[in-house]
Amino acid sequence: MMLDIRSLSLSIAVDGGPKEILHDVTLAVGRGEAVGLVGESGSGKSMTLRSVLRTEPRNATVTGAIALDGVDVLSLKGEPLRQLRAHQIAMIAQNPHAVLNPVLPISRYLVEGMHDAQGLSVAAARLRAGELLEQVGIDGVDRVLASYPHQLSGGMLQRVVIAGAIAGKPSLILADEPTTALDVTTQAEVMAILDDCRRELGMALLFVTHDLDLAAAVCDRINVMKDGVVVETGVPDQLRDHPAHPYTQQLMDSRPASIMWSPSDGSGE
Amino acid sequence: MFVVRRLLALVGVLFASSFLVFSAMYAAPGSPENFLVQGRTVTPEVLAAIREQYSLDDPFFVRFWNWLTNVLQGDFGQSLTNRQPVGELLAARLPTTLTLVLLAAIIIAVLGIGLGIAAGVRDGILDKVVLLGSSLGFAVPTFFAALLLMSIFSVGLGWFPVFGSGEGFFDRIWHLALPALALALPSAAVVARITRTAIREERDSEHSVMATARGVPARIVLKRHVVRNSMLPVSTIVGVHIAGLIAGSFVVEYAFTLDGLGTLLVGAVQRKDFAVVQAIAIILVAGFGIINLLVDLLYKAIDPRVGTKQES
Amino acid sequence: MKRFAARMGPIGIVAVVIVAIVVFGAVLAPLIAPYDPTIGSVTQRYLGPSLEHLLGTDQAGRDIFSRLLWGARSSLVGPLIVVSITAVVGTALALTSVWWGGFVDSAISRVLDLLFAFPNLLLAVLAISVFGASLTTAAIALSIAYIPYTARVIRSTALRERNLPYIRSPQLQGISGLVITARHLLPNVAPLIVTGATINFGFAMIELAALSFLGLGVQPPDADWGLMVSSGQQSLISGYPAESILAGLCIVITVASLGYIGERLGGRSAAGRKA
């Protein structure tokens with residue numbers, strides 16, 4: 001397995017003692033595989049992603065093991081950690097308006113990722129930025145590059161973030177509710193782009209969402225999380241037809257009874 | 001355009017302020033010329049001269065208009081106490097006040113922002129010191145800071161002079177060093193505190209955390225995301241405080257007996273020399289307004305979101 | 001009471017105690033001050049601290065401790081006047097502005113903008129030049145200068161509340177604006193007013209003391225902390241800093257304590273506010 005999380009526990013120090021956010025979380029993502037992490041807010045799914053990137057809160061205590069391509073992520077510091085973040089993992093977060101620095105233009109965001117983080121020359125980074133934006137389906141590339149985040153829509157910004165994420169061809173993409181903040185039509189478009197790019201470049205995906213259907217449409221396997229614990233793991237069909245855990249059953253029951261996406265269709269409307 | 005609108009607004013405010021300053025004289029009980037004379041016994045000729053100077057025989061708005069046009073041409077009338085043209089008095093005193101305010105402004109910016117950044121970025125002793133210092137510093141009135149510094153460095157150690165503004169460039173700076181420091185101290189404390197808070201907030205902001213998560217080196221994240229963004233609220237506060245130096249300077253000039261506009265103003269108020277008071281008031285309001293305008297423009301230059309309709 | 005204590009934290013409690021001591025000292029000055037603050041004997045100049053004169057004497061032989069106690073009165077009364085006037089008028093203007101909106105709001109905002117253009121001390125100095133130097137003139141002038149700041153803060157909060165259903169629905173039912181404002185809007189901005197008043201008190205104290213320092217506020221031979229810093233200046237230069245330093249320290253400690261209390265009450269740093 002490419003990403004191996006074993007017995008990951010995380011607690012935060014608050015007034016009145018440590019509060020446990022993650023408890024003995026174990027999951028794995030294979031090379032090129034799309035794995036879902038589904039649960040309601042507060043289930044700890046975002047924190048799991050942050051632990052892989054080592055951006056957990058300052059006052060958090062982490063135990064367990066996270067291995068990426070055999071490297072123990074939890075023991076990394078300094079330059080090796082930075083290299084890992086720059087070249088092997090990329091994250092796509094929920095609110096692109098918050099992710100991008102509001103006082104810097106889009107071009108700077110992309111060049112920063114490629115030049116400052118990944119070591120490309122500025123000229124090469126600039127060139128590649130344009131190519132990447134085209135790859136994610138943006139027209140008027142020059143205009144977008146010169147724009148500031150507040151001038152673009154959420155959907156457009158999320159595409160920019162995806163462009164930045166795939167720039168270094170990471171082996172793993174961490175997606176934290178990437179489409180939740182977008183309207184339905186845009187959601188579908190952005191998911192499509194993410195999925196296409198991922199498959200094209202053979203990147204693995206750890207996809208966090210509260211939407212079981214969405215996960216089912218995109219992922220090969222799904223982990224269900226509740227209160228900091230992984231309660232069930234399985235392929236979408238299995239979860240749908242034979243949920244082993246009552247919570248999974250609950251999630252299934254509370255879905256809007258509209259479209260049932262079958263995993264074999266890939267994403268689509 | 002944004003700049004033009006603000007300039008027009010400033011002109012409007014200055015006009016209204018000058019009206020206020022001008023008509024203040026008439027708020028006092030009794031007739032204007034008696035107020036100007038303040039119970040001193042004067043000859044009828046002097047009274048007539050005063051009526052002439054202030055065109056007290058003319059209707060109110062004509063008087064205001066005459067006064068205003070004179071002021072705009074640099075004629076501020078005559079000082080009642082020593083018959084000198086007020087304009088000359090002002091010109092003689094302006095350099096000291098300007099130098100003082102400029103020095104203090106530099107101290108506020110450099111010391112305040114510098115300490116704030118240093119405290120915000122690390123959690124160490126410096127941070128605790130800055131926190132404590134700023135919590136107390138803002139409560140230290142400028143005049144007290146002036147006397148404290150005077151007591152320790154002038155009277156006690158003899159490193160700096162106790163009064164006067166000095167001659168020549170370096171001598172002047174030496175004389176104005178303590179006053180400028182006293183003037184800057186409470187504001188620098190506030191600026192340091194605000195900067196520290198802003199830096200800490202930006203450290204935890206999503207774009208900074210994500211930049212680190214993307215592998216951007218720590219030093220660059222600090223420079224481009226943390227410090228750069230925190231300068232937005234910080235520049236506003238620094239600007240506000242620099243504008244506030246205008247009023248604070250009176251006090252420091254008085255304490256150190258400097259020959260600036262402030263001491264002139266205080267003296268004029270005590271002697272009821274109203275022409276001087278009016279003139280200085282107008283100049284200070286204009287200075288205040290201009291500095292505030294510059295601060296607004298600076299903020300707009302730093303933050304691309306200002307002035308646009310869509311805000312994230 | 002216990003919740004208040006928790007909110008203040010240990011340092012906050014110390015701050016509250018300090019303020020309480022200052023207030024008691026001021027109120028009880030006539031009873032506990034050992035000497036008359038304005039009378040001194042020339043033979044008793046510059047005495048150091050002793051059992052008879054707890055903090056020594058100044059250049060006119062007056063007991064410093066008594067002067068500090070009596071000085072607390074004007075140093076507190078002035079800011080109290082300022083804060084009261086500012087709170088009442090500022091809130092009234094803000095709420096009127098918000099309730100009526102439109103033309104009234106614009107008109108009031110224009111007037112406030114004009115006041116914003118004047119540095120506080122300058123407005124006070126201007127008023128003093130017309131009406132004469134006294135604590136009352138200074139206090140009233142300063143209140144006028146502070147009103148726009150308070151009004152602006154209250155206005156923006158009230159503006160948010162104004163369009164919420166709990167205000168709109170009584171309005172639609174025809175209940176008078178005054179009643180709605182008093183019964184619904186006011187309680188919601190009340191905490192803001194209190195926090196603002198606490199912090200403004202500190203700033204007013206400093207600015208009034210500055211005016212007294214310049215000889216434009218409290219007049220000698222009355223005792224006042226700001227005035228004492230000024231009258232002690234010559235002594236300080238001659239090597240007897242007691243009067244100035246002690247009076248100044250009183251100001252610093254009181255204002256810092258108030259600032260800390262205001263910060264704990266309102267959740268924002270006092271060092272981060274400008275009157």
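The structure presented is a predicted model; accordingly, all values stated were derived computationally and were not measured.

Trainee: Before we move on, can you summarise the overall build of chain A with the specific residues and values?
Mentor: Regarding its fold elements, chain A presents eleven helices and ten strands. Computed over the C-alpha atoms, the radius of gyration of chain A is 18 Å, within 12% of the 18 Å expected from 2.2 N^0.38 for a compact globule of 269 residues. Of all 269 residues assigned to chain A, the portion counted as buried reaches 43%. By sequence separation, contacts in chain A at least 24 residues apart represent 68% of the contacts at least 6 residues apart.

Trainee: Let's hear about the interface of chain B and chain A: which residues, and what values?
Mentor: Contacts between the two partners involve 21 residues from chain B and, on the opposite side, 23 residues from chain A. Taken together, the elements giving at least two residues each to the side of chain B that touches chain A come down to helix 9 (206-213) and helix 10 (218-255) of chain B. In terms of residue count, the dominant contributor to the side of chain B that touches chain A is helix 9 of chain B (six residues).

Trainee: How would you sum up the sheet that holds strand 1 (residues 3-14) of chain A? Please name residues and give values.
Mentor: Across the sheet, which stays open at both edges, the four strands sit in the order 2-1-4-5 (chain A) with antiparallel pairing between neighbours. The two strands at the open ends of the sheet, each matched to only one other strand, are strand 2 (17-29) and strand 5 (71-72) of chain A.

Trainee: Mind laying out helix 1 (residues 2-32) of chain C, listing which residues take part and the relevant values?
Mentor: All names here are of chain C. Between its first and last C-alpha, helix 1 extends only 31 Å over 31 residues, short of the 45 Å set by a 1.5 Å rise per residue. The largest bend in helix 1 is about 105°, located at G9, with the proline P10 one to four residues further on. Tucked inside the fold, the buried residues of helix 1 contact helix 2 (64-100) and helix 10 (242-266).

Trainee: Run through the interface of chain B and chain C, naming residues and quoting values.
Mentor: Counting from both sides, the interface comprises 47 residues of chain B and, opposite them, 42 residues of chain C. Of all the secondary structure elements, the ones that give two or more residues to the side of chain B that touches chain C are helix 1 (2-24), helix 6 (125-137), helix 7 (142-156), helix 8 (169-203), helix 10, helix 11 (261-270) and helix 12 (274-302) of chain B. Here the residues of the side of chain B that touches chain C sort into 36 nonpolar, nine polar and two charged.

Trainee: Help me get a handle on the environment of R199(A), residues and values and all.
Mentor: All names here are of chain A. Along the chain, the position of R199 falls in helix 8 (residues 184-201). Here R199 falls in the partly exposed class, since 13 other C-beta atoms lie within 10 Å of it. Each C-alpha atom, one on R199 and one on A34, is 9.4 Å from the other, the two residues being 165 residues apart in sequence.

Trainee: Please give an account of the confidence of the model for chain A that cites residues and values.
Mentor: In the predicted model, chain A carries a mean pLDDT of 87, and 95% of its residues have values of at least 70. This stretch, residues 262-269 of chain A, has a pLDDT under 50; its non-local contacts, to residues over four places away or in other chains, come to eleven contacts.

Trainee: A description of the packing of helix 5 (residues 86-121) of chain B against helix 12 of chain B should follow, citing residues and the corresponding values.
Mentor: All names here are of chain B. Contact geometry of helix 5 with helix 12 gives a least axis separation of 10 Å together with a crossing angle of 50°. By the angle class used here, helix 5 and helix 12 are oblique. At the point where helix 5 passes helix 12, the crossing takes the right-handed sense. Of the residues in helix 12, those touching helix 5 at V86, L89 and L90 are A275, V276, A279 and I283. Tallied by class, the residues present in the contact of helix 5 with helix 12 amount to seven nonpolar, no polar and no charged.

Trainee: Can you explain the sheet that holds strand 6 (residues 89-92) of chain A? Please cite residues and give values.
Mentor: Residues and elements named next belong to chain A. Across the sheet, which stays open at both edges, the six strands sit in the order 6-7-8-3-9-10 with mixed pairing between neighbours. In this open sheet, the two edge strands, each paired with only one partner strand, are strand 6 and strand 10 (229-234). Taken pair by pair, the neighbouring strands of this sheet meet at an average axis angle of 20°, ignoring direction. One ladder, built from five bridges, connects strand 7 (residues 172-176) with strand 8 (residues 204-209); its direction is parallel. By the bridge assignment for strand 8, L172 is matched with A204.

Trainee: Can you lay out the nonpolar core for me, pointing to particular residues and giving the numbers?
Mentor: If you look at the biggest cluster of nonpolar residues, it comprises 244 residues, and the most contacted ones within it are F207(A) and A124(C). Of the residues forming this core, the biggest block, 18 residues, is contributed by helix 10 of chain B. Residue contacts for F207(A): discarding those within four places in its chain leaves A34(A), V35(A), G36(A), L37(A), A175(A), A215(A), V218(A) and C219(A).

Trainee: Which residues make up unusual backbone geometry, and what values go with them?
Mentor: Residue and element names in this part refer to chain A. Positioned with a positive phi, D24 is a non-glycine residue whose angle comes to about 55°. Looking at the secondary structure, you find D24 in strand 2. At D227, a residue that is not glycine, the phi angle is positive and equals roughly 50°. Along the chain, D227 turns up in the loop between strand 9 (221-226) and strand 10. Look at D227 and you get partly exposed, because 15 C-beta atoms sit within 10 Å.

Trainee: Which residues make up the packing of helix 4 (residues 120-131) of chain C against helix 5 (residues 135-162) of chain C, and what values go with them?
Mentor: Residues and elements named next belong to chain C. Where helix 4 contacts helix 5, the axes come no closer than 8 Å and their chain directions differ by 140°. Classified by the interaxial angle, the pair formed by helix 4 and helix 5 is oblique. Read as a crossing pair, helix 4 and helix 5 show a hand that is right-handed. Here N120, L123, A124, A127, I128 and F131 of helix 4 come into contact with helix 5, specifically with T137, A138, A141, L142, I144, A145 and Y146. When its residues are assigned to classes, the contact of helix 4 with helix 5 shows eleven nonpolar, two polar and no charged.

Trainee: Hey, could you go over the arrangement of the chains for me, with residue numbers and the actual values?
Mentor: Pairwise contact counts over the two pairs of chains in contact peak for chains B and C. No part of chain A reaches chain C; the closest C-alpha pair between them is 13 Å apart.

Trainee: So what's going on with the pairing of strand 4 (residues 60-68) of chain A? Which residues, and what values?
Mentor: Residue and element names in this part refer to chain A. In terms of strand pairing, strand 1 meets strand 4 through eight bridges, oriented antiparallel. Bridge pairing links D4 to A67 in strand 4. As paired elements, strand 4 and strand 5 share two bridges and run antiparallel to each other. Residue A67 lies in a different strand from strand 5, and its bridge partner there is D72. Linking two consecutive strands that pair antiparallel, namely strand 4 and strand 5, is a turn of two residues; a positive phi of about 50° is found at D69 within it.

Rules used throughout
Residues numbered from 1 in each chain as written. Chains lettered and ligands numbered in written order. Predicted model: local features only at pLDDT ≥ 70, side-chain atom pairs only at ≥ 80, totals over all residues. Helix = DSSP H or I, 4+ residues; strand = E, 2+ residues; numbered from the N terminus. Rg over C-alpha atoms; globule rule 2.2 N^0.38 Å. Buried ≥ 20, exposed ≤ 12 C-beta atoms within 10 Å, placed from the backbone. Contact = placed C-beta atoms within 7 Å. Pairing = 2+ DSSP bridges. Expected span 1.5 Å × (residues − 1). Bend = angle between axes of the 7 residues up to and from the residue. Nonpolar A, V, L, I, M, F, W, Y, C, P; charged D, E, K, R; others polar. pLDDT = per-residue confidence, 0-100. Axes fitted to C-alpha atoms, helices over the stretch in contact; angles between N-to-C directions. Parallel < 35°, antiparallel > 145°, perpendicular 65-115°, else oblique. Left-handed = near helix turned anticlockwise from the far one by under 90°. Core = buried A, V, L, I, M, F, W, Y, C linked by C-beta atoms within 7 Å.

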